[in-house]
Amino acid sequence: MKVLTKVGTAVLAVAVLAGFLTGAKKNQTIKIGFNIPLTGDSPKVGESSKFSGELIKNEINSQGGLEVKGKKYMLDFVYVDNELKADSAIQAAYKLIDQDKVLACIGPDGSGRAIPAGQVYNDEKTPMISPWATNPSVTKDRPYVFRACFLDPFQAPVAAKFAKEQFKSTNVAILYNLEDDYSKTLAELFKKAWEGQQGGKVVAFESFGQKDQDFSVQLTKIVASGADFLYLPDYYNHVALITTQAKDLGWSKPVMGSDSWGSADLVKLSKGAVIGDYFTTHYAAAGATGKTKEFIDKYNAAYGYVPDDVGALTYDAVNIVLTAIQNAGITGNLKKDRTAVRDAMAGIKNFPGVTGKMTFTTNDPAKEAVVVQVGEKGDFNFVKSIQP
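Residues numbered from 1 in each chain as written. Predicted model: local features only at pLDDT ≥ 70, side-chain atom pairs only at ≥ 80, totals over all residues. Heavy atoms only, no water.

1. A short note on the nonpolar core
Going by this rule: Definition of nonpolar core: a set of buried residues of the types Ala, Val, Leu, Ile, Met, Phe, Trp, Tyr and Cys, connected through side-chain atoms within 4.5 Å. Relative accessibility under 20% of the residue-type maximum defines a buried residue, over 50% an exposed one, and the middle range a partly exposed one, all with a 1.4 Å probe and only protein chains included. Helix and strand definitions follow DSSP, with helices as H or I runs of at least four residues and strands as E runs of at least two, each counted in order from the N terminus. Only heavy atoms matter for contacts: two residues are in contact if any of them lie within 4.5 Å across the pair.
Formed by 58 residues in total, the largest nonpolar core has its most connected members in Phe190 and Phe229. No other element matches the 8 residues that helix 5 (residues 152–167) contributes to this core. Once residues lying within four places of it in the same chain are set aside, the contact partners of Phe229 are Ala163, Phe167, Ser169, Asn171, Val172, Ala173, Phe190, Trp194, Trp251, Pro254 and Met256. Formed by 42 residues, the second largest nonpolar core is a distinct cluster that contains Ile106, Ala288, Ile325 and Val341.

Right, dumping it as structure tokens:
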């Protein structure tokens, strides 16, 4: 009996020690979630986010971890596929918060997923930052939700102003995705700006569904409408199909797009149909200098292509979170640490991002927009920078 007691005591001691070490190991790790589309209609978006995350994680972990108040923590990034679907983004949010117990989350990227998932993060008091969601509703009345990009109420009027000056036109046609909050809102905002500030006329305002592949009906109306140019506030996968089919129907006039065009696959998928077109975006890789060029070179060396705006914005979003963690410190109490990180994010000033300097006077950063033109080699060439 005495022997059994000793054995039992020894087993208990080992169990306690093992538990302590496991707990100690967990305390040495910062876990951050990524709610991103790795499959679905726009997998390149998720790939860009993941690649930028891996670039940061690998670099910091190779140096022994992130230093927070004199102590180093290894980074653990958890990538969950939201399939570019709203319900999947909500499920991914709950998984990352409740099961994976992340300190903060990157994404969802697009507004159609960031709006519903953002409500979950806010309700659960877990800081979220979307790299690429430009719809105002993403952060509205949500103190725990941030973004690293400009907003559509800024993007739409500057795009309309640029188009007026560039194309010297009066009549515009707009084709948008009725099932996507981002596309629908931006189309409406552009229409308002074009008819208001620019004194133009919208001669065709056409829509399509998320799964549509054939746009011939809408494009036939647009070609016959007398429009001077076409505005497409749509994701790159739809843009590739639309621009190709438009050319087949005889469209040879200018096309203007939005930041959702900014994929490395845009030119390839469109078979060159977008070459010469313009779009508003968050940064221009061609001709970049300083910190931005360093990021581009590292990304290109690691993955074999120049990062798109999603990649660049994710790089900034992750570094914003890490800066907030360093400023807030870590106590080991997840609930308190999530709130402390949120408060620290709200207080970030003059953050030197690769997509521009950012200050969070609200949960939305004040930053500039960029207009680029699609070049012959598929690069996005800087045309103009527009300040808030």
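Anyway, onward from the coordinates.
2. A word on the environment of Asp379
With respect to the secondary-structure elements, Asp379 resides in the loop between strand 14 (369–374) and strand 15 (380–386). You can call Asp379 partly exposed: its relative accessible area is 31%. Separated by 73 residues in the primary sequence, Asp379 and Val306 have C-alpha atoms spaced 8.8 Å apart. Residues in contact with Asp379, not counting those within four places in the same chain, are Gln373 and Val374.

3. Re the environment of Leu178
Assignment of secondary structure puts Leu178 in the loop between strand 7 (171–177) and helix 6 (181–195). Owing to a relative accessible area of 44%, Leu178 belongs among the partly exposed residues under this scheme. In this structure the C-alpha to C-alpha distance between Leu178 and Gln210, which are 32 residues apart in sequence, comes to 7.7 Å. Excluding residues that lie within four positions of it along the chain, Leu178 makes contacts with Lys184, Ser207 and Phe208.

4. Here we look at the layout of surface pockets
Summary: where empty space remains is shown by rolling a probe the size of a single water molecule over the atoms. As a reminder of what qualifies: In this analysis, the protein atoms alone were mapped onto a 1 Å grid. Cavities are point sets where a 1.4 Å probe fits without being able to get out; pockets are open sets with protein on both sides within 12 Å along at least five of seven lines; lining residues have an atom within 4 Å of a point. Grid points are joined across faces, edges and corners, and a volume is the space filled by probe spheres set on the points. Only Asp, Glu, Lys and Arg are considered charged, only Ala, Val, Leu, Ile, Met, Phe, Trp, Tyr, Cys and Pro nonpolar, and every remaining residue, Gly among them, polar.
One number sums up the size of the second largest pocket: a volume of about 390 Å³. Lining the second largest pocket are 22 residues, with Ala285, Val306, Pro307, Asp379 and Phe380 sitting closest to its centre. Residue classes in the lining of the second largest pocket are distributed as 12 nonpolar, 5 polar and 5 charged.

5. A short note on the pattern of salt bridges
Cut-off, in case you're wondering: Within this document, salt bridges are pairs made up of a side-chain nitrogen of Lys or Arg and a carboxyl oxygen of Asp or Glu, the two lying within 4 Å of each other.
Taken as a whole, this structure holds 16 salt bridges when the rule is applied. Arg147 is the salt-bridge partner of Asp364, the closest N and O atoms lying 2.7 Å from each other. Highlighted residues: Asp364 in the loop between strand 13 (356–358) and strand 14 and Arg147 in strand 6 (residues 145–147), separated in sequence by 217 residues. In this structure Asp364 comes out as buried when scored by relative accessible area, which is 16%. Of the residues examined, Arg147 reaches a relative accessible area of 0% and is grouped as buried. Salt bridges here are not isolated pairs; linked through shared partners, they connect Lys44, Glu47, Asp265 and Lys268.

6. Things to note about empty space enclosed by the protein
Scanning the entire structure with this criterion turns up 3 cavities of 30 Å³ or more. Looking at the lining of the largest cavity, its residues break down into 2 nonpolar, 5 polar and 3 charged.

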